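Commentary on secondary and tertiary structure
What follows is each chain in one-letter form.
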Amino acid sequence: MDNTVKEHEEKQVMEQNKVSQMRSLVETQDPTSKDVDDLMIRRFLRARDLDIDKGSALFLKYMEWRRSFVPNGFISESEIAFDLSHKKLFMQGLDKTGRPIVVTYASKHFRNRAKGGVEEFKRFVAYTLDKICGRMPAGQEKFLAIADIEGWGYYSNCDIRGYLAALSVLQDNYPERLAKMYLVHVPSVFMAAWKLIHPFIDSNTKKKIVFVENKNLKSTLLEDIDESQLPEVYGGKQPLVPIEKC
């Protein structure tokens, strides 16, 4: 047997053993953990570099969050009317490995200044991620995102609290769901906000973020996405579909 194949199989066995150990640990502390599958356990374990104690802590915190933040098991559109009204997030097509493609427009995001506005935005993020996960083909666990920053303004669109809240929801409650995020049409003014956000992005997520030069936009996206699945706005053939229509 090839050494590379053997090492891969040994790593898989080791990881599965850790998944089993983590399952036993979390089920002891939260019996409802029995309802989740091994893939979810594995995602939280991988998010903490296969450290069982850290992965378990993250998972148990998620279970508490889910019960309190999404008590009905889903978030209704009436709870996130402000964010849905801006038509800033779309989903269509699959990349070359079968991962759903999500497109978001930063210039269409505006800070919700009403009382509880940040919490509503967090609900919007959770609603979106639930929608995306629900559209994943069997055997697929991740999605690919295109974040279009064209037209973003520091005074009109900058929402550091909102960005950090969204990041927290993604990293703490949907670990190992993001496969890659392309940042496209990035204006220089955006980098001031990026410097504030960057320290809060965990190392695993940072590896998945790719800044794309305008001149290489289509060719870069085509590395992961067939032209038939690429959004029309980037030279492909797929129309954008609002997230609530998916």
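Residues numbered from 1 in each chain as written. Predicted model: local features only at pLDDT ≥ 70, side-chain atom pairs only at ≥ 80, totals over all residues. Heavy atoms only, no water.

1. Observations concerning the pattern of salt bridges
Applying the stated criterion to the full structure yields 17 salt bridges. Lys215 is the partner of Glu213 in a salt bridge, and the nearest nitrogen-oxygen pair spans 3.7 Å. One connected set of salt bridges, linked through shared partners, spans Asp95, Arg99, Lys180 and Asp224. (Salt bridge = Lys/Arg side-chain N within 4 Å of Asp/Glu carboxyl O.)

2. What about the nonpolar core?
Judged by nonpolar contacts, the single largest core of 42 residues is most densely connected at Met22, Phe59, Trp65, Leu129, Ile132, Phe143 and Tyr174. The set of elements that each furnish at least two residues to this core consists of helix H1 (3-29), helix H2 (38-47), helix H3 (52-69), strand S1 (89-94), helix H5 (117-134), strand S3 (143-148) and helix H7 (160-173). Those residues in contact with Tyr174 that sit more than four places away from it in its chain are Trp65, Arg66, Ala126, Leu129, Asp130, Cys133 and Val169. (Core = buried A, V, L, I, M, F, W, Y, C linked by side-chain atoms within 4.5 Å. Buried < 20%, exposed > 50% of the residue type's maximum accessible area, 1.4 Å probe, protein only. Helix = DSSP H or I, 4+ residues; strand = E, 2+ residues; numbered from the N terminus. Contact = heavy atoms within 4.5 Å.)

3. Observations concerning H3
Its 18 residues give H3 an end-to-end C-alpha distance of 25 Å, which sits within 8% of 26 Å, the value for a rise of 1.5 Å per residue. Buried residues of H3: Ile52, Gly55, Ser56, Leu58, Phe59, Leu60, Tyr62, Met63, Trp65, Arg66 and Phe69, and no others. The N-cap residue of H3 is Asp51: its side-chain oxygen and the backbone nitrogen of Asp53 are 3.1 Å apart. (Expected span 1.5 Å × (residues − 1). Polar contact = N/O pair within 3.5 Å; in protein donor to acceptor, adjacent residues only side chain to side chain.)

4. Brief notes about the pairing of strand S2 (residues 100-105)
Two faces make up the sheet, and in a regular strand the side chains alternate between them. Extensive coverage of S2 is indicated by the burial of 5 of its 6 residues. Bridge count for S1 against S2 is 4 bridges, and the pairing is antiparallel. Each residue of the ladder has a partner; that of Leu94, found in S2, is Pro100. Between S1 and S2, which pair antiparallel in sequence order, lie 5 residues; one of them, Gly98, sits at a positive phi of approximately 90°. Bridging between S2 and S3 involves 5 bridges; their strand directions are parallel. Counted as the bridge partner of Val102 is Ala145 from S3. Between the parallel elements S2 and S3, the chain passes through H5 in a crossover that is right-handed. (Pairing = 2+ DSSP bridges. Right-handed = clockwise from strand over helix to strand, strands pointing away.)

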